[in-house]
Amino acid sequence: MLFKSKKRISVRTIGDPVLSRVADPVIDVDADTLCLAQEMYEAMVAFNGIGLAAPQYGVSKRMVVIDVPADSVQGDPTPGEEQLLPRMPLVLVNPEILSYSTNKAVRDEGCLSVPDLYAPVERPEKVILRSATLDGEIIECECGGLLGRCIQHELDHLDGILFTDRLSPEAAREAAGGIKRLRRLGESKSFMRTKSIK
């Protein structure tokens, strides 16, 4: 009887040095880049995320995969939501935020690299995103809602920033015990969450 071998897939967790490093630009979208994008997407799906940055996969490159649900729009969609949500999942190559709105909002966030910990984070409501795609297209649009927040969260990873670094002093105090436990657990597991997928 033949058994298909399962593929093991990992996400780095808080405490891993790769998560605090500024990632390097993607120079070429070559076969290795395409393979990395596919593996990142598989990891994001396996761990039930809506976004994953390459450093979370252990690769210090400026690339992000996002899969924000189309039904996440509340009220009038921003141009970015109209343009990008129908194209999900989407890989962003060397993404950058050109500007931030002055209006801010607080919303609970979680992270695949900070498992089972959620805390309120204040972020600008809208951002102007500029990014290349895997096929070389340049995207530039205003993104709000869950999409805008996801973009800010994932691009933070490219600069070595976790959402826990953006907590208010009060929220940071409340989360401190959970973060300490996660770091201790992470150290015992080489700062990796691992799953087997088919």
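What you are looking at is a predicted structure, and each value in this text was computed from that prediction instead of being measured. (Residues numbered from 1 in each chain as written. Predicted model: local features only at pLDDT ≥ 70, side-chain atom pairs only at ≥ 80, totals over all residues. Heavy atoms only, no water.)

**Remarks on the pairing of strand 8 (residues 138-143)**
At step 1: Across the two faces of strand 8 the burial differs, with I139, C141 and C143 buried and I138, E140 and E142 not buried at all.
At step 2: With 6 bridges connecting them, strand 7 (residues 127-132) and strand 8 associate as antiparallel partners. Counted as the bridge partner of V127 is C143 from strand 8. (Buried < 20%, exposed > 50% of the residue type's maximum accessible area, 1.4 Å probe, protein only. Helix = DSSP H or I, 4+ residues; strand = E, 2+ residues; numbered from the N terminus. Pairing = 2+ DSSP bridges.)

**Considering the layout of surface pockets**
At step 1: What the largest pocket holds in volume is close to 480 Å³.
At step 2: Together, 24 residues line the largest pocket, and I50, G110, C111, L112 and Y118 are the ones closest to its centre.
At step 3: Considering only residue class, the lining of the largest pocket consists of 10 nonpolar, 6 polar and 8 charged.
At step 4: The volume enclosed by the second largest pocket comes to roughly 300 Å³.
At step 5: Lining the second largest pocket are 18 residues, with R107, E125, G144, G145 and L146 positioned closest to its centre.
At step 6: Taken together, the elements giving at least two residues each to the lining of the second largest pocket come down to strand 5 (104-111), strand 6 (114-124) and helix 3 (145-158).
At step 7: Here the lining of the second largest pocket gets 5 residues from one element, more than from any other, and that element is helix 3.
At step 8: Here the lining of the second largest pocket is built from residues that sort into 4 nonpolar, 7 polar and 7 charged. (1 Å grid on protein atoms, 1.4 Å probe; cavity = no way out; pocket = protein on both sides within 12 Å on 5 of 7 lines; lining within 4 Å. Points joined across faces, edges and corners; volume = space filled by probe spheres on them. Nonpolar A, V, L, I, M, F, W, Y, C, P; charged D, E, K, R; others polar.)

**With respect to the nonpolar core**
At step 1: Grouped together as the largest cluster of nonpolar side chains are 21 residues, with contacts concentrated most on I66, L84, M88, C143, L147 and I151.
At step 2: Of all the secondary-structure elements, those providing two or more residues to this core are strand 3 (63-66), strand 4 (90-100), strand 7, strand 8 and helix 3.
At step 3: Broken down by element, this core gets its largest block of residues, 6 residues, from helix 3.
At step 4: If near-sequence neighbours (up to four positions away) are discounted, M88 is found in contact with I66, D67, V68 and L147.
At step 5: Within the second largest apolar cluster, 20 residues are counted, among which are V26, A46, V93 and I197. (Core = buried A, V, L, I, M, F, W, Y, C linked by side-chain atoms within 4.5 Å. Contact = heavy atoms within 4.5 Å.)

**Examining the pairing of strand 6**
At step 1: Pairing analysis gives 7 bridges linking strand 5 to strand 6, with the strands arranged antiparallel. Paired with C111 across the strands is V114, a residue of strand 6.

**Notes on the sheet that holds strand 4**
At step 1: Taken in spatial order, the 5 strands make up an open sheet running 2-3-4-7-8, and their pairing is antiparallel. The sheet terminates laterally at strand 2 (51-53) and strand 8, the two strands that pair on one side only. Strand-to-strand twist of the sheet, defined as the mean angle between neighbouring strand axes without regard to direction, takes the value 35°.
At step 2: Against the sheet, helix 1 (residues 31-46) touches strand 2, strand 3 and strand 4, its axis set at about 40° to strand 3. (Axes fitted to C-alpha atoms, helices over the stretch in contact; angles between N-to-C directions.)

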